[in-house]
There are 2 protein chains.
Amino acid sequence: MARIVQKYGGSSVADAASIKRVARRIARARHDGNDVVVVISAMGDTTDELMDLALEVSPQPQPRELDMLLTTGERQSAALLAMALNDLGVPARSYTGSQAGVITTGLHGNARIIDITPGRINKSLELGNVTIVAGFQGVSQDTKDVTTLGRGASDTTAVALAASLGAEYCEIYTDVDGVFTADPRIVPSAAQIPEITYEEMMEMAACGSKVLHLRCVEYARRENIPVHVRSSFNDKPGTWVTGHTDMRKGNEMEQAMITGIASDRGEAKVTIVGVPDQIGKAAKIFDVIAEAEINIDVIVQNVSAASGRTDISFTLPMSDGKKAIDALTANQEEIGFEKLLYDDQIGKISVIGVGMRTHPGVTARFFDALAEQDINIDMISTSEIRISVVVQADLLDKAVRAAHTAFGLDADGEAVVYAGTGR
Amino acid sequence: MARIVQKYGGSSVADAASIKRVARRIARARHDGNDVVVVISAMGDTTDELMDLALEVSPQPQPRELDMLLTTGERQSAALLAMALNDLGVPARSYTGSQAGVITTGLHGNARIIDITPGRINKSLELGNVTIVAGFQGVSQDTKDVTTLGRGASDTTAVALAASLGAEYCEIYTDVDGVFTADPRIVPSAAQIPEITYEEMMEMAACGSKVLHLRCVEYARRENIPVHVRSSFNDKPGTWVTGHTDMRKGNEMEQAMITGIASDRGEAKVTIVGVPDQIGKAAKIFDVIAEAEINIDVIVQNVSAASGRTDISFTLPMSDGKKAIDALTANQEEIGFEKLLYDDQIGKISVIGVGMRTHPGVTARFFDALAEQDINIDMISTSEIRISVVVQADLLDKAVRAAHTAFGLDADGEAVVYAGTGR
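In this text, all values refer to a predicted model and were calculated from it rather than measured experimentally.

## Structural notes on the interface of chain B and chain A
Listed as interface residues are 41 residues of chain B and, on the opposing side, 40 residues of chain A. Surface buried jointly by chain B and chain A totals about 3,200 Å² across both partners, of which 60% is contributed by carbon and sulfur atoms. Applying the counting criterion to the chain B and chain A interface returns 2 salt bridges. Taken together, the connections running from chain B to chain A amount to 18 residue pairs in polar contact (both at pLDDT 80 or more). Of all the elements in the fold, those that place two or more residues in the side of chain B that touches chain A are helix H1 (16-31), helix H2 (46-57), helix H3 (63-70), helix H4 (72-87) and strand S3 (92-95) of chain B. By residue number, the principal contributor to the side of chain B that touches chain A is H4(B), which donates 11 residues.

Right, here's the structure in full:
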């Protein structure tokens, strides 16, 4: 009897009918002889509605109380799903994150899982129950208060539970068929990726792919839990996220150069003009940003001018723009810069693939494709398996389509670029 | 510094604006130097809406899961109220019933409070927080599952907490100004009662007054907690429910004969026709009813006829009517009755007051008042401080008004009947 963890997102349990549909799918997995643990998100827009209600009551809701409020959404869907399963003759019990033993740090709104003590879950499974856990939430180790793990963190709950329970794999059910070579809304010919490594998936998530959350993939990689991302609306196989890079390396003839193209419209660019070219000034800038708890992404420092001053640009989530400007302005004198520029009309496009490790020509092909479309590159950042560039926002979709075609990812065209074809 | 418990019902926290209004009232009690514990109900119709959702998913929702679902309503209002208080500069924290140490039996949907372990509440109070507890819920002693105490049981949570915390008194905030001498919708001249004993309030609650729940008053009497029922929409003093019967007895000159008139349209009458007049038959009937978990109210056994058979009538909540008929029909052969009659067009009117202990003429005055209005009495039941009669449903309001006037309760008339006036 295999032990599996399934996670269903909010769009899969948007109303009573959807909950019953999901219950039938879970019942099938149970009848197939599996021990099933289900992690569930809040129904449809529940979390947003609760957030709106909180903002009606308080302009800046206390984080502890906001967590108490928001966690009710998953508790409701968990209880409703248990009712639906019991009606199908499948014994089921729902548990809050706290009851399920999801122990977290105390940072309300963005807590991290420290440990899972699955005593009650194991007992419930031993009694033959499908065991449903409210996602996105836990209990703080120190204060025993209810915490949340950040938006979308039900995926992380699922993977953490899979690791803690020794599950064979973790299924993440969503409203798309899996991970695609690009956002299908931008690239209609985007193809579903049958298998992707943890590293690639992490880069995809970090670069704007919304299918899986970065922390969830990090967790899966650390614990080596295979993750199957698939649709709750059909029975098609989805995308397997695994650590099988070795297999791929040993089979390089079929190695795709690029796995997918990610794109992100949610960032803005801050340029600090006229920073004195002295040791410690750049460090001071990023100290200020770090103290404001802003995660920055791409950083570019322009060549120092004869003036002895330099310009430093970085990108950051658009929602943190004001905070960054405020923090830097407050420290203008100490840093000694001349002025700040702010641009939220930017887009980031990233080409990702473990294959590029062995293909020196990826950068050239990527930049050629953009040049052919007259798209100017504003900033560049790379990792071993990723190249990201920042372009003008209104050119982003065009850039994604150009790159998708250039790397042969179009479903109707050459879906896979084989190593050694000389391209 | 006094320690007080305040309870706010769903109508007092129906939306964001109401929550902020309630927060201001609580802030005032805190600024007056009190340690404040607040018990809160779910917002407006939340519980009904959750129940509807449950019924959409499952025709007979599992009680354990229903409790998990319904308890989210109070958690939401508790968290929102805490946010609103914090915005007013009043530190506040919300706790679930489980976190607050409300330990209950395991009967989902109708659990009883076994004990309160207020460690976290006390700690929160010591830190200077207004401490908000989600009403209506607890945690089962045996299974550690979330339980509910039955509809409207937030009042009971409040009184139980007041007892456990050694509070001076418990304020129950509602949408009426207090307890009235009769339902003001039926008797426009009904007057607010400034003070009432636990015993009278229990009879009022048992006889159809919706202001306080019976179990709450029972609890308050057992623990001797003064309860102040008042409106959350104004600052008028409400009705104090206390154990001061001794004071009243010692001050009999001002003793009202009758404290109030309660009425109930929610009952039905079952008549079992032709029960053999043998020892054990009546007992068997009520065994059957008890096994079906139906609480019956007034019982009347008619004089045995020459036939050796008798008729037995009793009233019960209308919602249990079908269950009672089914249970009795299933046992018709064993009991040996001839037929069942069912009538839900009845109303019960009760006159209540500790004063009647010393006034033998109460029954006569009550029945005279009904006779003057040509209202026929169908069934009678009495306690030491109450006389109830069952009348035709469409005559109930008329009966209530007649009794209200007869006992001098009309606000514009003689509000109090003095002992010794010879009336």
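## With respect to helix H11 (residues 321-330) of chain A
Turn by turn, an α-helix covers 3.6 residues, leaving residues three or four places apart pointing in a common direction. Residue and element names in this part refer to chain A. Within the span of H11, buried status applies to Gly 321, Ala 324, Ala 327 and Leu 328. For H11, the buried positions fall inside an angular range of 135° around the axis, keeping them on one side. Across H11 from its buried face, at more than 90 degrees, point the exposed residues Lys 322 and Ala 330. The inward-facing, buried residues of H11 abut strand S14 (267-276), helix H10 (281-291), strand S16 (309-317), helix H12 (332-335) and strand S17 (339-343).

## Regarding the packing of aromatic side chains
All names here are of chain A. With the rule as written, the count across this model stands at 10 aromatic pairs over all chains. Where Tyr 169 meets Trp 240, the ring centres are 5.5 Å apart and the plane angle is 75°; that geometry is what we call edge-to-face. Of this pair, Tyr 169 sits in strand S9 (residues 169-174) while Trp 240 sits in strand S12 (residues 239-242); the two residues are 71 residues apart in sequence, bridging distant segments of the chain. Residue classification places Trp 240 among the partly exposed residues on the basis of a relative accessible area of 28%. Measuring from ring centre to ring centre gives 6.5 Å for Phe 366 and Phe 407, while their planes differ by 55°; the resulting arrangement is tilted. Pair noted here: Phe 366 is in helix H13 (residues 362-372) and Phe 407 is in the segment after helix H14 (396-406), with a separation of 41 residues, a long-range link.

## Side note on the side chain of A:Ser124
Summarising the element assignment, A:Ser124 is placed in helix H5 (residues 119-126). Residue classification places A:Ser124 among the buried positions, given a relative accessible area of 2%.

## Here's the deal with the relation of the copies chain B and chain A
With an RMSD of 0.2 Å, the fit of chain B onto chain A corresponds to turning through 179° and sliding 0.1 Å along the axis. Both copies of the chain, as the preceding transformation shows, are related through a two-fold rotation axis. Among all residues of chain B, the minimum C-alpha distance to the rotation axis is found for B:Thr72, at 2.6 Å. Both copies contact each other with a shared surface, as 98% of the interface residues of chain B are interface residues in chain A too.

## Describing a negative patch on the surface
On the surface, a cluster of negative charge is contributed by A:Asp15, B:Asp45, B:Glu49, B:Asp52 and B:Glu56. Its location among the elements puts B:Glu56 in helix H2. We classify B:Glu56 as partly exposed; its relative accessible area is 48%.

## Concerning the nonpolar core
All names here are of chain B. In this structure, Leu 212 and Val 241 are the most contacted members of the largest nonpolar core, which totals 43 residues. Broken down by secondary-structure element, the contributors of at least two residues to this core are strand S2 (35-40), strand S5 (113-116), helix H5 (119-126), helix H6 (154-165), strand S9 (169-174), helix H7 (198-206), helix H8 (214-223) and strand S11 (227-231). Top element by residues in this core is H6. It accounts for 6 residues. Contacts of Leu 212, omitting those with residues within four sequence positions, involve Asp 155, Ile 172, Met 201, Ala 205, Val 217, Val 227, Val 229 and Val 241.

## Digging into the sheet that holds S17(A)
Residue and element names in this part refer to chain A. Strand order in this open sheet of 4 strands is S15-S16-S14-S17, and the pairing throughout is antiparallel. Of all strands in the sheet, those bounded by a partner on one side alone are strand S15 (299-301) and S17. Strand-to-strand twist in this sheet, taken as the mean axis angle between neighbours without regard to direction, amounts to 15°. In the sheet, S15 pairs with S16 via 3 bridges, with the strands oriented antiparallel.

## Concerning the pairing of strand S20 (residues 386-392) of chain B
Residue and element names in this part refer to chain B. Among the 7 residues that make up S20, 6 are buried, leaving the element largely enclosed by the rest of the structure. Both strand S19 (residues 379-383) and S20 contribute to a ladder of 5 bridges, which runs antiparallel. Across the sheet, the residue bridging to Ser 383 is Arg 386, located in S20. Counting the residues between successive antiparallel strands, the hairpin from S19 to S20 contains 2 residues.

## Some details on the UniProt feature "binding site: substrate" (unreviewed entry) in chain A
All names here are of chain A. When the UniProt feature table is mapped onto this chain numbering, "binding site: substrate" (unreviewed entry) sits at Thr 47 and Glu 74. Across 28 residues of sequence, these annotated residues stay compact in space, with a maximum C-alpha separation of 8.7 Å. On the secondary structure map, Thr 47 appears in helix H2 (residues 46-57). On the accessibility criterion, Thr 47 (11% relative accessible area) is buried. In contact with Glu 74, not counting residues within four places along its chain, are Ile 40, Ser 41, Ala 42, Thr 47, Ala 134, Gly 135, Phe 136 and Gln 137. Reaching out from Glu 74, the side chain makes a polar contact with the backbone nitrogen of Ala 42 at a distance of 3.5 Å.

## Notes on the sheet that holds strand S20 (residues 386-392) of chain A
Residues and elements named next belong to chain A. Pairing in this open sheet of 4 strands is antiparallel, and the strands run S13-S18-S20-S19 from one edge to the other. Here the strands that pair on one side only, and so sit at the sheet edges, are strand S13 (260-264) and strand S19 (379-383). Going across the sheet, the axis of each strand differs from the next one's by a mean of 20°, ignoring polarity. Pairing between S13 and strand S18 (residues 346-352): 5 bridges, direction antiparallel.

## Overview of the UniProt feature "binding site: ATP" (unreviewed entry) in chain A
Residues and elements named next belong to chain A. Per the UniProt record, "binding site: ATP" (unreviewed entry) is annotated on Lys 7, Tyr 8, Gly 9, Gly 10, Thr 174, Asp 175, Arg 185, Lys 210 and Val 211. Taken together, the annotated residues stretch across 205 residues and extend over separate regions, lying up to 24.3 Å apart by C-alpha. With respect to the secondary-structure elements, Lys 7 resides in strand S1 (residues 3-8). Among residues more than four places away in sequence, those in contact with Lys 7 are Val 39, Ser 41, Ser 154, Asp 155, Ala 158, Glu 171, Ile 172 and Tyr 173. Of note is the side chain of Lys 7, whose polar atom sits 2.8 Å from the side chain of Asp 155.

What counts as what
Residues numbered from 1 in each chain as written. Chains lettered and ligands numbered in written order. Predicted model: local features only at pLDDT ≥ 70, side-chain atom pairs only at ≥ 80, totals over all residues. Heavy atoms only, no water. Contact = heavy atoms within 4.5 Å. Buried area = accessible area lost by both parts, 1.4 Å probe. Salt bridge = Lys/Arg side-chain N within 4 Å of Asp/Glu carboxyl O. Polar contact = N/O pair within 3.5 Å; in protein donor to acceptor, adjacent residues only side chain to side chain. Helix = DSSP H or I, 4+ residues; strand = E, 2+ residues; numbered from the N terminus. Buried < 20%, exposed > 50% of the residue type's maximum accessible area, 1.4 Å probe, protein only. Arc of directions from axis to C-beta. Phe/Tyr/Trp six-rings, centres within 6.5 Å; stacked < 30°, edge-to-face > 60°. Least-squares fit on C-alpha atoms with pLDDT ≥ 70 in both. Patch = residues over 30% accessible without salt bridge, like charges linked within 9 Å, V, L, I, M, F, W, Y side chains within 5 Å. Areas by Shrake-Rupley, 256 points an atom, 1.4 Å probe, with all protein chains shown as cover. Lys, Arg positive; Asp, Glu negative; His and termini not counted. Charge placed at Lys NZ, Arg CZ, Asp CG, Glu CD. Core = buried A, V, L, I, M, F, W, Y, C linked by side-chain atoms within 4.5 Å. Pairing = 2+ DSSP bridges. Axes fitted to C-alpha atoms, helices over the stretch in contact; angles between N-to-C directions. UniProt positions renumbered as here; feature names shortened; annotations may be inferred.

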